[in-house]
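In case you want the letters, here they are:
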Amino acid sequence: MTDPAATKHGPGRILIAVYGVFALAATARAGVQIATKFGDAPIAYLLSAVAAVIYCAATFALAKATVVSRKVATAAIAIELAGVIAIGAFSYAVPDDFPDATVWSHFGQGYGFVPLVLPVLGLLWLRRTR
Amino acid sequence: MVYAVVLAARDKRIDWTVLGAVGVVEVGLVAQLVVGIVQYAATDRDVSGPFFIGYLIGSLIILPIGAFWALAESSRWGAGALAIACLVIPILELRLHDLWAV
């Protein structure tokens, strides 16, 4: 095991910056959606909130860069990857359940597919700095 | 008028290597927030208030956090992190423009 702090340096700096942006965007989006029109698409908005929590957890865990937080980050990013694939698939299969978009709908199409690429980069980065 | 501020802020972002330029953009964003709220209060069109104001406020906090994060890493990756933060601003501006155009 090398220095766990390596997680937040070098290219990790950029990775965490992107995670921070998504944490902020997802939190703000979920907050506004739930506060203003929760009844319109409760499933989608709850998933937005879940995504927001996961992005925040991943951001802080990566930035903290301790042995424990790296495990938290790995778990959060793994859930993120599973989530974006599952929600992406479901949003195509049963679009009626997703009248309004979540961050992960259509594999993150509304965000330039970054939500799909980000967890892969995140896991690769955690592996590389192990 | 909001759009003019939007363009000004976007033009400035090219100088992202200079923290001073980021500061100038930030001042522009503060002006945009003020102008945006005034315009929002004055308009009778159906602009989505929570989203519009949310984006205005959200755009304010990106650069300071990005600059802080970038300063802690004195390498090109720090500058890259700041570039990410700067990249977010035009995206937010485009969204703001869409929200305003309805």
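What counts and how
Residues numbered from 1 in each chain as written. Chains lettered and ligands numbered in written order. Predicted model: local features only at pLDDT ≥ 70, side-chain atom pairs only at ≥ 80, totals over all residues. Heavy atoms only, no water. Helix = DSSP H or I, 4+ residues; strand = E, 2+ residues; numbered from the N terminus. Buried < 20%, exposed > 50% of the residue type's maximum accessible area, 1.4 Å probe, protein only. Contact = heavy atoms within 4.5 Å. Areas by Shrake-Rupley, 256 points an atom, 1.4 Å probe, with all protein chains shown as cover. Core = buried A, V, L, I, M, F, W, Y, C linked by side-chain atoms within 4.5 Å. Axes fitted to C-alpha atoms, helices over the stretch in contact; angles between N-to-C directions. Left-handed = near helix turned anticlockwise from the far one by under 90°. Nonpolar A, V, L, I, M, F, W, Y, C, P; charged D, E, K, R; others polar. Parallel < 35°, antiparallel > 145°, perpendicular 65-115°, else oblique. Buried area = accessible area lost by both parts, 1.4 Å probe. Salt bridge = Lys/Arg side-chain N within 4 Å of Asp/Glu carboxyl O. Polar contact = N/O pair within 3.5 Å; in protein donor to acceptor, adjacent residues only side chain to side chain.

Per an unreviewed UniProt entry, chain A goes by the name Integral membrane protein and belongs to Kribbella soli.

(A) Seen up close, the overall build of chain B. Helix and strand counts for chain B come out as four helices and zero strands. Counted from the first residue to the last, chain B has its helices and strands arranged as α-α-α-α. When each of the 102 residues of chain B is scored for burial, the buried share is 44%. Considering only residue pairs separated by 6 or more positions, chain B has 71% of its internal contacts joining residues 24 or more positions apart. As displayed, chain B offers around 5500 Å² of accessible surface, 70% of which is attributable to carbon and sulfur atoms.

(B) Expanded view of the nonpolar core. Membership of the largest hydrophobic core comes to 29 residues, with the highest contact counts inside it found for Tyr19, Tyr55, Leu62, Trp104 and Leu118 of chain A. For this core, the secondary structure elements donating two or more residues are α1 (11-37), α2 (42-64), α3 (67-93) and α4 (114-128) of chain A together with α4 (76-101) of chain B. Broken down by element, the residue count for this core peaks at nine residues, all from α1 of chain A. The residues touching Tyr55 of chain A, leaving out its near neighbours within four places in the chain, are Tyr19, Phe22, Ala23, Ala26, Glu80, Val103, Trp104, Pro115 and Leu118 of chain A. Leu60, Ala85, Val88 and Ile89 of chain B belong to the second-largest nonpolar core, a separate cluster that totals 23 residues.

(C) A look at unusual backbone geometry. Residue and element names in this part refer to chain A. Phi is positive for Ala65, which is not a glycine, with a value near 55°. On the secondary structure map, Ala65 appears in the loop between α2 and α3. Accessibility expressed as a relative area gives 5% for Ala65, which makes it buried.

(D) Expanded view of the packing of α1 of chain A against α4 of chain A. Residues and elements named next belong to chain A. Relative to each other, α1 and α4 sit at 145°, their axes nearing to 11 Å. By crossing handedness, the relation of α1 to α4 is classed as left-handed. Residues Pro11, Gly12, Leu15, Val18, Tyr19 and Phe22 of α1 form the contact with α4, whose own contacting residues are Val114, Pro115, Leu118, Pro119, Leu121, Gly122 and Trp125. Taken together, the residues of the contact of α1 with α4 break down into 11 nonpolar, two polar and no charged.

(E) How the structure looks around the packing of α3 of chain A against α4 of chain A. Residues and elements named next belong to chain A. Look at α3 against α4: their axes get within 9 Å of each other, and the N-to-C directions meet at 150°. It follows that α3 is roughly antiparallel to α4 by the angle criterion. In this structure, α3 meets α4 at a crossing whose hand is left-handed. From α3, Arg70, Ala73, Thr74, Ile77, Ala78, Glu80, Leu81, Val84 and Ile85 reach across to α4, where they touch Pro115, Leu116, Leu118, Pro119, Val120, Gly122, Leu123 and Leu126. A breakdown of the residues in the contact of α3 with α4 according to their chemical character gives 13 nonpolar, two polar and two charged.

(F) Expanded view of the interface of chain A and chain B. Contacts between chain A and chain B engage 16 residues on the former and 13 residues on the latter. Between chain A and chain B, a total of about 1300 Å² is buried, with carbon and sulfur atoms accounting for 81% of that surface. Looking at the side of chain A facing chain B, the largest losses of area belong to Arg13, Ile14 and Leu24 of chain A, adding up to 43% of the total buried there. Joining chain A to chain B, the criterion identifies zero salt bridges. Viewed at the interface, chain B and chain A are joined by zero residue pairs in polar contact (both at pLDDT 80 or more). With 12 residues, α1 of chain A is the largest single contributor of residues to the side of chain A that touches chain B. Classifying every residue of the side of chain A that touches chain B by side-chain character gives nine nonpolar, four polar and three charged.

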